Amino acid sequence: QRILRSSTSLNVGFPAFEKLLNKIDLYSSNKNKILFDNSTSNSDEILIKSINYIEVIDLKLPTIIDSNIQKTVSFTLSPYQALGIKGPSGTGKTTILEILSGIYSVNSDSGKVLINDVDINSFNYPTMKKWMKSIAYVSQSPYLIPGTLKENITHLSSETFDLSRYNNLLNLPWMKDVLYSLNIDTSKEQEIDPSGTNLSGGQIQRIAIARALYTKSSLLLLDESTSALDRTNEDLLVDTLIKEKNN
């Protein structure tokens, strides 16, 4: 049974792995692209640390119901702004987030995504890598690693561990029952089961959001990441996100 489950996981994951290899090939072929004037040192860091605006122009998204039917999306996102994308399943909401995060590229005839007036498709590999690191993306089904809550929230980063920020996240009201479930601050603290068997769906989502907030990313992308939360905890979490945005 374990072999069958592993085989199924491999079969499900292989298409995504193939897309990753294609992306690596794409970056390798474009490794000599020059995105910035070489006379300006660290200009790619400036682009990422100082996002003036993100603009999506005429992005064409085929629907799951009929791939011949396309929806065209355009919007501009400025600093300290929150933007919600609403629509039924299969209309491309997740695709938009994956394009913004650099997971998928946009064909030239399917629209443009501009970061500070620079086409994201023109990013060379080092710039795309830094761009992706500047984003926190919480998917519909967030992943957890086998280990402690601290390891899951901080990405095992001991060198840059921010104790104050970590404790502030644990003290947020929407994290209380997560701490209780894992016996945090006791001698019997439980490690997180990667399959989430010792946590509810809503608790897994909250850990993933806490991990995203811990990174202090320039751009936070949430893909229906509160779908398993009750109304009270969702309202508390939204209040936290508003405060983070304003800061």
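Summarised in this report is the structure supplied together with it. Since the model is a prediction, treat every value here as computed from it, not as a measurement.

Right, let's talk about the pattern of salt bridges for a bit. Throughout the structure, instances matching the rule amount to four salt bridges. Ionic pairing is found between Arg206 and Asp177, a salt bridge with its closest N-O pair at 2.5 Å. Taken together, the positions of Arg206 in helix 8 (residues 201–214) and Asp177 in helix 7 (residues 176–181) put the pair 29 residues apart, joining distant regions of the chain. What makes Arg206 buried here is its relative accessible area of 3%. For the salt bridge of Arg231 with Asp235, the shortest nitrogen-to-oxygen distance reads 3.2 Å. Placement of both Arg231 and Asp235 in helix 9 (residues 231–246) is noted, with a separation of four residues, approximately one turn of the helix.

Here strand 6 (residues 219–222) shows a clear split, with Leu219 and Leu221 buried on one side and none of Leu220 and Leu222 buried on the other. As judged from the four bridges shared by strand 5 (residues 135–138) and strand 6, these two strands associate in the parallel manner. Its bridge partner being in strand 6, Ile135 is matched across the sheet by Leu219.

Its identity is not glycine, yet Asp58 carries a phi of approximately 50°, on the positive side. Locating Asp58 in the fold gives a position in strand 1 (residues 54–62). Of note, the phi angle at Asn116 is positive, near 55°, even though the residue is not glycine. Residue placement: Asn116 occurs in the loop between strand 3 (112–115) and strand 4 (118–119). Relative accessible area serves as the criterion here: at 17%, Asn116 is assigned to the buried category.

In this section: the nonpolar core. Leu149, Ile153, Trp174, Met175 and Ile207 are the most contacted members of the largest nonpolar core, which totals 28 residues. When contributions to this core are tallied by element, the ones reaching two or more residues are strand 5, helix 5 (149–154), helix 6 (163–170), helix 7, helix 8 and helix 9. Looking at this core, the element that brings in the most residues is helix 8, giving eight residues. The residues touching Ile207, leaving out its near neighbours within four places in the chain, are Leu144, Leu149, Asn152, Ile153, Val178, Ile192 and Leu199. Leu61, Val73, Leu97 and Val106 belong to the second-largest nonpolar core, a separate cluster that totals 23 residues.

So, about a nonpolar patch on the surface. Judged by side-chain polarity, Ile103, Tyr104 and Met132 come together as a nonpolar surface patch covering roughly 230 Å² of accessible area. If you trace the backbone, Met132 turns up in helix 4 (residues 125–133).

The rules behind the values
Residues numbered from 1 in each chain as written. Predicted model: local features only at pLDDT ≥ 70, side-chain atom pairs only at ≥ 80, totals over all residues. Heavy atoms only, no water. Salt bridge = Lys/Arg side-chain N within 4 Å of Asp/Glu carboxyl O. Helix = DSSP H or I, 4+ residues; strand = E, 2+ residues; numbered from the N terminus. Buried < 20%, exposed > 50% of the residue type's maximum accessible area, 1.4 Å probe, protein only. Pairing = 2+ DSSP bridges. Core = buried A, V, L, I, M, F, W, Y, C linked by side-chain atoms within 4.5 Å. Contact = heavy atoms within 4.5 Å. Patch = residues over 30% accessible without salt bridge, like charges linked within 9 Å, V, L, I, M, F, W, Y side chains within 5 Å. Areas by Shrake-Rupley, 256 points an atom, 1.4 Å probe, with all protein chains shown as cover.

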